[in-house]
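# Architecture at a glance
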Amino acid sequence: MIRAFWIIARIAIVIAIGIWLVEHPGVLRVDWFGYVVETTVAVALVALVVLIAVCALAYRLYRALVRTPRRYARWSRGRRRERGLRALSRGWVAVAAGDAPAARRHAEEAERMLRDRELTELLSAQAAQLSGDDRSADARFRAMMEKPETAFLGVRGLLNKAMREGDRDEALRLARRAHDLRPRTPWVLGTLFDLEARAGNWERAQQALDEGERVGTIPADDARRHRAAVLLERSFEAELDGREAEALTFAGRSHDLQPAFAPAAARVARLLARAGRHKHALRAVERAWKLEPHPDLAAAYRDVLPETDALARVKRFERLLSLSPDRYDGHVALAEAALKAKLWGEARNHLAKALAIRPSARVYGLLADLAQQEHGDAAAAREWLEKAASAPRDAFWACERCNTPSAHWRGICPGCGSFDTLEWRIMPEPAGTLLPVDAPRAAVPAGNGAGPNGAGLYGSGPNGSAPGGARNGVAAAGPPAGAPKPGAPLPGTGSATNGSDEMPAGSPSSNTPGSPPGSPPAGQAAGRPPAESRPNAA
């Protein structure tokens, strides 16, 4: 409304001026260089307006002619940039689709059309990598590392290449460079932790783990589990360097983080016993045993017991069993102690209970020892050994990723080199059946659920469902058909009472058949590192 009013007002003013000029025409006379021009004022004003319009038009035409080259150059650059960006986007689509020829073609077009090398270098490097031209890709990634804007992308490209080729030293160097450039990037922290751990740089690995937990890259539960494993490895490292006090400190911190983690508890117990603190050593084992019984704990308990009398040791193992009654490992450990004390009935009773809970080659092997030692019955012992050959193999440590078995726990898998992936596993296959290393993970039931890295480059945790966050949980197999019931007399072993027959000198050793591949020799505790690779913690 206001706009219309102003338009009408302007028209009225123009009309009023026109009427005034008509009523007062006047005369305008110009005498210049002998020329005389006479006209009315109205005509003179119209001529002035026309002259101004012509001048303005001429000026605009001049400006247009002057600016045309610049405008054309700007339009041409915009068109080239538009084509370059279109080629760039199509190139990334081709890379994602795995179309190497198309990716390289679009990368070359983008390089021609775009002056911003930062936008095209990465696409060209990825296209070269996709087409198998590693030399060109490597050169482009290294060129990107020289520029501050693309240095991080160049480092990541070379890091991925090094990890694909298995060059862990180069990958670790590049991961540290990436951490220097962007220390809070999630995948950098996860990758750096994984590579430091694989390299055995436990202090640096713990630092990366702490940073990853602070920024939220590594979940708190996974960080706690990995930290316990790192501290346990730092304990072994400190012992090798002769730092006994630090070794005990690191082992104690690991045990506090994961009280049910059997290797940590066994390690603490042996170090405490070496320091003469036997009561504390026994408490450490008993604390872990309450949460999750484990053969490593039983072996450590046997090693740290101050008593040397066989009957006194049986009493100790009875106490251990009472902390977590009706568990397979408790009955087996007590049966072994009873065998050494020649308490045949006690050994037979607990072996029967263990057999009812979970038949295994280990139990059948102990029953063979019992038959041989109690009565010298070689035929009955042979019968038990035949059953051991077809029974499920006993539990052992194995990598959840590559299924490589290990005689004891270690932070790094001996097969694939991954960190903290060994789990305590019960195999349903017969003891004489070897598990292929490349067997699918789904076909191998395990006691622990798979963990989360990630990139991980961060990302991958091995542990899951054992009580108290332990990695000792197992999936127990049910008793086979014909397995004896608890309390029933076992064939070939006599009555269910303590026998008084003594075995003559030279009786067979108590090594049990059916141990997992690579199991330690008799007398070496399960879970204890061999002398050549771990310090003697006994």
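What counts and what doesn't
Residues numbered from 1 in each chain as written. Predicted model: local features only at pLDDT ≥ 70, side-chain atom pairs only at ≥ 80, totals over all residues. Heavy atoms only, no water. Helix = DSSP H or I, 4+ residues; strand = E, 2+ residues; numbered from the N terminus. Expected span 1.5 Å × (residues − 1). Buried < 20%, exposed > 50% of the residue type's maximum accessible area, 1.4 Å probe, protein only. Arc of directions from axis to C-beta. Pairing = 2+ DSSP bridges. Core = buried A, V, L, I, M, F, W, Y, C linked by side-chain atoms within 4.5 Å. Contact = heavy atoms within 4.5 Å. Salt bridge = Lys/Arg side-chain N within 4 Å of Asp/Glu carboxyl O.

## A word on helix α3 (residues 100-113)
- Taking 1.5 Å of rise per residue, 14 residues should cover 20 Å, and α3 covers 20 Å from first to last C-alpha, within 8% of that figure.
- Taken together, the buried positions of α3 are occupied by A100, A102, A103, H106, A107, A110, E111 and M113. Taken down its axis, α3 places every buried residue within 165 degrees of arc, on the same side. Exposed positions of α3 whose direction lies more than 90 degrees from the buried face are P101 and R112.

## Structural notes on the sheet that holds strand β3 (residues 396-399)
- Pairing in this open sheet of three strands is antiparallel, and the strands run β4-β3-β5 from one edge to the other. Looking at strand neighbours, the two that pair on one side only are β4 (405-406) and β5 (422-425), the edges of this open sheet.
- Inspection of the sheet shows β3 paired to β5 by four bridges, in the antiparallel sense. The partner of W397 across the bridge, within β5, is W424.

## So, the nonpolar core
- One finds F317, V363 and L367 to be the most contacted residues of the largest nonpolar core, which totals 60 residues.
- Not counting residues up to four positions away in its chain, the partners in contact with V363 are Y328, V332, L351, A354 and L355.
- Counting 45 residues, the second-largest nonpolar core is a separate cluster that includes F152, V155, L232 and C402.

## Regarding helix α12 (residues 262-274)
- The end-to-end C-alpha distance of α12, which contains 13 residues, comes to 18 Å, matching closely the 18 Å that a straight helix rising 1.5 Å per residue would cover.
- The buried count for α12 comes to 12 of 13 residues, which makes it a mostly enclosed element.
- Those residues of α12 that sit buried are A262, P263, A264, A265, A266, R267, V268, A269, R270, L271, L272 and A273.
- Against α10 (220-240), α11 (244-257), α13 (278-291), α14 (295-304) and β3 lie the buried residues of α12.
- Of the residues flanking the end of α12, it is G276, one or two places downstream, whose phi is positive at about 85 degrees.

## A look at the pattern of salt bridges
- Taken as a whole and judged by the stated rule, the model has 28 salt bridges.
- Two residues, R86 and E82, come together in a salt bridge whose shortest N-O distance is 3.3 Å. Here the residue R86 and the residue E82 both occupy positions in helix α2 (residues 41-97), the gap between them amounting to four residues, near one helical turn.
- A relative accessible area of 35% means that R86 is categorised as partly exposed.
- Under the relative-accessibility criterion, E82 is labelled partly exposed at 47%.

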